[in-house]
Amino acid sequence: MWGIRNVHVIGAVLFVATVSAIVGFASPAAAQGANPITMKLSTATLNDTQHEWLKRFAAAVEKDSGGRIKGEVYPASQLGAIPRQIEGVQFGAIQGWVGPPEFLVGVDERYEVLSAPGLFTSRDQYLRTINDPTVRDMVLGLGANKGLFGAAIFPIGPSSIITKKPIHRLADYSGLKIRVLASQFQLELIKRMGGSPVAMTLADVLPALQQGAIDGSLTTMTQYTTLHYIDAAKYVVETDQPYVTSIAVLSKKWVDGLPPDLQKIVRDDATKVSTDIVPFVTQFFDAQRKVWMDSGGEVSRLPPEDQAEMLSKISGIGVDLSASKPDLNAAVKTIFASAARNK
C-alpha cells in the first residue's frame, strides 16, 4: 500500500512540475499578450490629417512591436483641452500628442518658429524646409528638457482666414476680432493686417463664431470642413500665411522607460508615418477645399496688390519679435536660411 501511495505521490509531483514548467515557460509571452504596454495618443481635431497620423502610427507600432504596445487614439480633445493634453504628455499620463507646435510656446517659445509669416511661398518649399535635418532636428529637440520627446513633424498646409462677412480688400480686416493660436507671431500678423487678434483654444472657436464673440479665425481649410464652421461663417480668404505644421511629441518619461528595441520601433515608425502621410495630406487638403465650396462656403484671394501689401507688412515679424530674444532669433535665422536654400 505504501508503495502504491508513493507512486501516486511521485506521479502527482511530476505532473505538477511539468505543468508548472510549461506555464512558467509560457507566462512571459502570455502576460505580454494579455497586458500590452498602453500608448494613449491625443489630438484636438477629428477626421483630419492629425487624426489620420495618429491612427497610422498606432497601427504601425502595434504591428511592428508584435502587439507589445497597444495604441489608443483619442481625437476631438477627449482627454481634455489642449493645454491639459500637453501637460499629460509631459507627466506621462498621456503617451503622445499631435498638434501645431505653436501650442507648445509655453514649453519653449522657439516652437512658434515654423509659423513666422512670410517664411514659405509654396507647398514644395515648405515641405523641403521642414524636412531639412537642420530644421527638423532643431524643432524636435526643443522639449527634451521639459518632458517631451519630439517624434515627428509633418505638413498641414497654408493658412486662410474665415470670416462671418465677405472680405474683398486688406482694409476690410480693420477692427475685426480674429482668433489665432497663442503665438506672438500670429498675434502680430493680425495686428499688422489691421485686425484685433484673440488667442483661443480650438474647442472654443466655433461657439465664439456662433455667438459673435469673434468675427473670424486664422487657420486652415481642413478645420473649416471637419469642424463644420459652415454653420457659423462661410467666407474664406486664402492668404497662405503662415503655413501650418503638425508636431508629434511623446512622453519622454514613457519613451525612456521602454526597452531599447521598442524605443527604436517607436522612433522609426514616427519617422516613416510622417513621410508616408504626405500624399494623403495634399489630397485631403485639396479635397476639403472642394467640400467647403460644395457646402456653400466661398473661397477667394486678396487682389494681387493687397496680397503684396500684406506680405510687405508681415514678412519682418519673425526678425522683429525675436530681436531681443537670442535663442528665438537664432531659430528664426536658421529657419529662414533653410527656406531660402529650399526655394
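Check the entry above for the structure.
Residues numbered from 1 in each chain as written. Predicted model: local features only at pLDDT ≥ 70, side-chain atom pairs only at ≥ 80, totals over all residues. Heavy atoms only, no water.

J.: Looking at this structure, I do not really get the nonpolar core. What am I missing?
T.: Nonpolar side chains in soluble globular proteins tend to be buried together. Ranked by internal contacts, the top residues of the largest apolar core, which has 67 residues, are W97, L104, Y173, M193, Y229 and I247. Counting residues per element, this core draws most heavily on helix α14 (residues 326-341), which supplies 5 residues. Contacts of I247, omitting those with residues within four sequence positions, involve W97, V98, G99, P100, P101, L104, Y111, V139, L140, A152 and I153. In this structure, V61, I69, A152 and W254 belong to the second largest nonpolar core, which totals 25 residues. (Core = buried A, V, L, I, M, F, W, Y, C linked by side-chain atoms within 4.5 Å. Buried < 20%, exposed > 50% of the residue type's maximum accessible area, 1.4 Å probe, protein only. Helix = DSSP H or I, 4+ residues; strand = E, 2+ residues; numbered from the N terminus. Contact = heavy atoms within 4.5 Å.)

J.: How should I be thinking about the pairing of strand β3 (residues 96-99) in this particular structure?
T.: Looking along a regular strand, one sees side chains alternate from face to face of the sheet. Every second residue of β3 is oriented toward a common face, with G96 and V98 on one face and W97 and G99 on the other, all of them buried. For strand β1 (residues 37-43) and β3, the ladder comprises 3 bridges, and the chain directions are parallel. In the strand pairing of β3, L41 is matched with G96. Relative to strand β9 (residues 243-251), β3 runs antiparallel, the two being bridged by 4 bridges. Bridging from a neighbouring strand, G99 pairs with I247 of β9. (Pairing = 2+ DSSP bridges.)

J.: I tried to follow the pairing of strand β6 (residues 196-199) on my own but got confused; where do I start?
T.: In terms of strand pairing, strand β5 (residues 177-180) meets β6 through 4 bridges, oriented parallel. From the neighbouring strand, K177 faces β6, where its bridge partner is S196. Between the parallel elements β5 and β6, the chain passes through helix α6 (residues 184-192) in a crossover that is right-handed. (Right-handed = clockwise from strand over helix to strand, strands pointing away.)

J.: Please explain α14 as it appears in this structure.
T.: Along an α-helix, residues three or four apart share an orientation, since each turn contains 3.6 residues. The terminal C-alpha atoms of α14, which comprises 16 residues, lie 23 Å apart, in line with the 22 Å expected from a rise of 1.5 Å per residue. For α14, the full list of buried residues reads L328, N329, A331, V332, I335, S338 and A339. (Expected span 1.5 Å × (residues − 1).)

J.: Honestly, the pattern of salt bridges in this entry has me stumped. Any pointers?
T.: For side chains of opposite charge, pairing can occur when their charged atoms come near one another. For the structure shown, the criterion picks out 25 salt bridges. Across the pair R169 and E305 runs a salt bridge whose closest N-O atoms are separated by 3.6 Å. Taken together, the positions of R169 in the loop between β4 (148-163) and β5 and E305 in helix α12 (residues 304-314) put the pair 136 residues apart, joining distant regions of the chain. Note on R169: relative accessible area 38%, which makes it partly exposed. Measuring nitrogen to oxygen at the nearest pair gives 3.7 Å for the salt bridge that ties K177 to D215. Within this pair, whereas K177 is found in strand β5, its partner D215 is found in the loop between α7 (205-211) and β7 (216-220), the two being separated by 38 residues in sequence. (Salt bridge = Lys/Arg side-chain N within 4 Å of Asp/Glu carboxyl O.)

J.: Help me understand the packing of aromatic side chains in this model?
T.: Think of a pair of aromatic rings as described by two things: how far the centres are apart, and how the planes are tilted against each other in angle. For the structure on display, the rule yields 8 aromatic pairs. Ring geometry for W53 against F154: centres 5.6 Å apart, planes inclined by 5 degrees, an arrangement best described as stacked. One end of the pair, W53, is in helix α2 (residues 49-64); the other, F154, is in strand β4, and 101 residues separate them in sequence. The residues W53 and F154 share a single accessibility class, namely buried. It is R56 that lies over the ring of F280; its NZ or CZ is 5.3 Å from the centre. (Phe/Tyr/Trp six-rings, centres within 6.5 Å; stacked < 30°, edge-to-face > 60°. Lys NZ or Arg CZ within 6 Å of the ring centre and 35° of its normal.)

J.: How should the packing of helix α5 (residues 133-140) against α14 be read in this particular structure?
T.: The angle between the axes and the distance between the axes are what describe a pair of packed helices. Relative to each other, α5 and α14 sit at 150 degrees, their axes nearing to 9 Å. When the axes of α5 and α14 are compared, the pair comes out roughly antiparallel. Crossing of α5 against α14: the hand is left-handed. Along the contact surface, α5 presents T134, V135 and M138, while α14 presents A331, T334, I335, S338 and R341. Taken together, the residues of the contact of α5 with α14 sort by class into 4 nonpolar, 3 polar and 1 charged. (Axes fitted to C-alpha atoms, helices over the stretch in contact; angles between N-to-C directions. Parallel < 35°, antiparallel > 145°, perpendicular 65-115°, else oblique. Left-handed = near helix turned anticlockwise from the far one by under 90°. Nonpolar A, V, L, I, M, F, W, Y, C, P; charged D, E, K, R; others polar.)

J.: I keep staring at unusual backbone geometry and nothing clicks. Help me out?
T.: Leave glycine aside and you will find that most residues have negative phi; peptide bonds, for their part, are mostly trans. Residues Q241 and P242 are joined by a peptide bond in cis, for which omega reads -10 degrees. With respect to the element layout, P242 can be found in the loop between β8 (235-237) and β9. One non-glycine residue, N47, adopts positive backbone phi at about 55 degrees. Examined against the element boundaries, N47 turns out to sit in the loop between β1 and α2. Classification of N47 as partly exposed rests on a relative accessible area of 48%. Although it is not a glycine, S77 adopts a positive phi angle of roughly 55 degrees.

Functional significance is not addressed by these values, which are geometric in nature.
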